[in-house]
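Architecture at a glance
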Amino acid sequence: MPVKNRFAELQDEITAWRRDIHENPEILFETHRTSALVAQKLQEFGCDEVVTGIGRTGVVGVIKGKADTSGKVIGLRADMDALPIHEQTGLDYASKTPGAMHACGHDGHTAMLLGAAKYLSETRNFDGTVVVIFQPAEEGGGGAKVMCDDGLMDRWGVQEVYGLHNWPGQPLGSFAIRPGSFFAATDQFDITFEGRGGHAAKPHETVDTTVLAAQAVLALQTIASRNADPVHQIVVSVTSFETSSKAFNVIPQKVQIKGTVRTMSKDMRDLAEKRINEVCTGIAATFGGTADITYHRGYPVMVNHEEQTEFAAKVAASVSGSCGDAPLVMGGEDFAFMLEERPGAYILMGNGDTAMVHHPEYNFNDDAIPAGCSWWAEIVEQRMPAA
Ligand SMILES: [Zn+2]
Ligand SMILES: [Zn+2]
């Protein structure tokens, strides 16, 4: 059973939606135009219910099958937000908003889920209910959590949830998935070291915070290399180093460093937080300074549920011939919050040989639309088969 013919027919229309969304990117919860467009389309398709304002700018559509004897309710989720990146694709439908760009393909995810909603509204060839979920703020705002906190799962009685992400470098329209931990927990740290500033020619009269902070940056690398069991995944990256003086002849009073921690388990996450505190406090004390440490826990590990993963892989194979084994991804994904509330699965769909997501030359591949739409439609039709 290859891609559904109906999506080949709809491909031009879905592509036009995708390019319209691409041209008008919106960041975090500011997806006002996109949300309005989604809600308007869902109304046009004849969804049984369309609700806006769930999770601030999130949109929910409900489509009932021909029958509802199964009592099953499946949630399908797409993300709608763009990134604060200045687009450099040179496309004729490139972003019209300087400094904002659909560089993660959420334009494609939104358009494909709209395509699936159109098809499912037309055919209703299933026994149960579909809830299509369009969320804002995947890129750092935790929009999935805000929608869940607004009662998304309980209000519509969602029993299982499924999500999809395009993946550059993976063959176009192919699928790959893995059970269990899949995307990393993403935490942030922000540390201000304080010493005693002074004249750069009289270092003995100062507590040199630059030297102190530099030692800390190197020592933080030992969390991954010396503290963590090598069979577990952990990334500790210092990404910012700012001194409180930019002069060449001043030893600065303060240095602020920032960075991120990526882990695949609670143990590694706890270890990272504990060691960052110990290492930075200890080094600061050794050099006669202080460390003010903030550790912020962001998205949790995204964990695919076994049974739903097996089912999602079977559906992917029915659409595209086979389903590959996906690698662990040290990036974060806020669908993790939905998978904490309900069983479900998240799958990667090949975007072909394109720039990586979050690159200014990245673009979603419209030729993947029939495969992505078919996977969503088949999830519904195979999980809740009509009599
Ligand atoms: Zn992204
Ligand atoms: Zn993304």
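Predicted model, so just to flag it, every value in this text is computed and none were measured.

Side note on the side chain of Thr 309
Within the secondary structure, Thr 309 is located in helix α8 (residues 306-320). For Thr 309, a relative accessible area of 3% translates into the label buried. Each residue touching Thr 309, except ones within four places of it in the same chain, is listed here: Ile 177, Arg 178, Pro 179, Asn 304, Gly 344 and Ala 345.

Brief notes about the pattern of salt bridges
Tallied over the full model, the rule gives 25 salt bridges. In this structure, the salt-bridge partner of Lys 4 is Glu 381, at a minimum N-O distance of 2.8 Å. Of this pair, Lys 4 sits in the segment before α1 (5-23) while Glu 381 sits in helix α10 (residues 369-383), placing them 377 residues apart in sequence. Note on Lys 4: relative accessible area 13%, which makes it buried. Residue Asp 107 is joined to Arg 18 by a salt bridge in which the shortest nitrogen-to-oxygen separation is 2.8 Å. Of this pair, Asp 107 sits in helix α3 (residues 106-123) while Arg 18 sits in helix α1, and the two are 89 residues apart along the sequence. Judged by relative accessible area, which is 0%, Asp 107 ranks as buried. When salt bridges with common partners are traced through the structure, they connect Arg 18, Arg 19, Asp 107 and Asp 366 into a single cluster.

Overview of the coordination of the zinc ion (ligand 2)
For a metal bound by four donors in a tetrahedral arrangement, the ideal donor-metal-donor angle is 109.5 degrees, while six donors in an octahedral arrangement ideally sit at 90 or 180 degrees. Within the protein, Cys 104 (SG), His 106 (NE2) and His 165 (NE2) serve as the donor atoms for the zinc ion (ligand 2), at 2.1 to 2.3 Å. Separation of the zinc ion (ligand 2) from the zinc ion (ligand 1) amounts to 3.1 Å, with Cys 104 serving as a shared donor to the pair. Residue His 106 is located in helix α3, and its partner His 165 is located in strand β5 (residues 160-167); the two are separated by 59 residues in the primary sequence.

Concerning helix α2 (residues 32-45)
Residue pairs spaced three or four apart in an α-helix point in one direction, given the helix's 3.6 residues per turn. In this model α2 runs 20 Å from its N-terminal to its C-terminal C-alpha over 14 residues, within 8% of the 20 Å that 1.5 Å per residue would give. Regarding α2, the residues found buried are Thr 34, Ser 35, Leu 37, Val 38, Ala 39, Lys 41, Leu 42 and Phe 45. Buried residues belonging to α2 abut α1, β1 (49-54), β2 (58-64), α3 and β4 (129-135). Count one or two residues on from α2 and you reach Gly 46, which has phi positive near 85°.

Points about α10
If you check α10, its first and last C-alpha atoms are 21 Å apart, about what 15 residues at 1.5 Å a residue would give, namely 21 Å. Burial within α10 is extensive, with 14 of its 15 residues counted as buried.

Looking at the UniProt feature "domain: Peptidase M20 dimerisation" (unreviewed entry) in the protein chain
On the UniProt side, "domain: Peptidase M20 dimerisation" (unreviewed entry) is annotated at positions that read residues 189-281 here. Along residues 189-281 one finds 38% helix and 32% strand; the C-alpha atoms at either end are 14 Å apart.

Some words on the packing of aromatic side chains
Overall, the coordinates contain 11 aromatic pairs when judged by the stated rule. Between Phe 182 and Phe 183, the ring centres sit 5.1 Å apart and the planes meet at 70°, which makes this aromatic pair edge-to-face. Residue classification places Phe 182 among the buried residues on the basis of a relative accessible area of 0%. Residue class for Phe 183 comes out buried when judged on its relative accessible area of 4%. Grouped by ring-pair contacts, the aromatic residues Trp 167, Phe 182, Phe 183, Phe 335 and Tyr 346 constitute a single cluster. The ring of Phe 311 carries the charged tip of Arg 383 above its face, separated from the ring centre by 4.5 Å.

What to know about the coordination of the zinc ion (ligand 1)
Distances from the zinc ion (ligand 1) to its protein donors, Cys 104 (SG), Glu 139 (OE) and His 358 (NE2), fall within 2.0 to 2.3 Å. The sequence pattern formed by the donor residues of the zinc ion (ligand 1) is C-x34-E-x218-H. Residue classification places Cys 104 among the buried residues on the basis of a relative accessible area of 6%.

Concerning the sheet that holds strand β8 (residues 185-194)
An order of β10-β12-β8-β13 is seen for the 4 strands of this open sheet, with the pairing classed as antiparallel. Strands at the two margins of the open sheet, each flanked by one partner only, are β10 (234-243) and β13 (290-297). Here the strands of the sheet are splayed against their neighbours by 15° on average, with no regard to which way each runs. Of the strand pairs in this sheet, β10 and strand β12 (residues 254-263) are connected by 9 bridges, and their pairing is antiparallel.

Focus: the packing of α1 against α3
The geometry of α1 relative to α3 is characterised by a closest axis approach of 9 Å and an angle of 140° between their N-to-C directions. Judged on the interaxial angle alone, α3 and α1 are oblique. As for the relative orientation of α1 and α3, their crossing is right-handed in sense. Where α1 approaches α3, its residues Arg 6, Phe 7, Leu 10, Glu 13, Ile 14, Trp 17, Arg 18, Ile 21 and His 22 are matched on the opposing element by Asp 107, Gly 108, Thr 110, Ala 111, Met 112, Leu 114, Gly 115, Ala 116, Lys 118, Tyr 119 and Glu 122. Looking at the contact of α1 with α3 residue by residue, the classes come out as 10 nonpolar, 4 polar and 6 charged.

Parameters at a glance
- Residues numbered from 1 in each chain as written.
- Chains lettered and ligands numbered in written order.
- Predicted model: local features only at pLDDT ≥ 70, side-chain atom pairs only at ≥ 80, totals over all residues.
- Heavy atoms only, no water.
- Helix = DSSP H or I, 4+ residues; strand = E, 2+ residues; numbered from the N terminus.
- Buried < 20%, exposed > 50% of the residue type's maximum accessible area, 1.4 Å probe, protein only.
- Contact = heavy atoms within 4.5 Å.
- Salt bridge = Lys/Arg side-chain N within 4 Å of Asp/Glu carboxyl O.
- Donors = N, O, S within 2.8 Å, 3.2 Å for Na, K, Ca; no water.
- Expected span 1.5 Å × (residues − 1).
- UniProt positions renumbered as here; feature names shortened; annotations may be inferred.
- Phe/Tyr/Trp six-rings, centres within 6.5 Å; stacked < 30°, edge-to-face > 60°.
- Lys NZ or Arg CZ within 6 Å of the ring centre and 35° of its normal.
- Pairing = 2+ DSSP bridges.
- Axes fitted to C-alpha atoms, helices over the stretch in contact; angles between N-to-C directions.
- Parallel < 35°, antiparallel > 145°, perpendicular 65-115°, else oblique.
- Left-handed = near helix turned anticlockwise from the far one by under 90°.
- Nonpolar A, V, L, I, M, F, W, Y, C, P; charged D, E, K, R; others polar.

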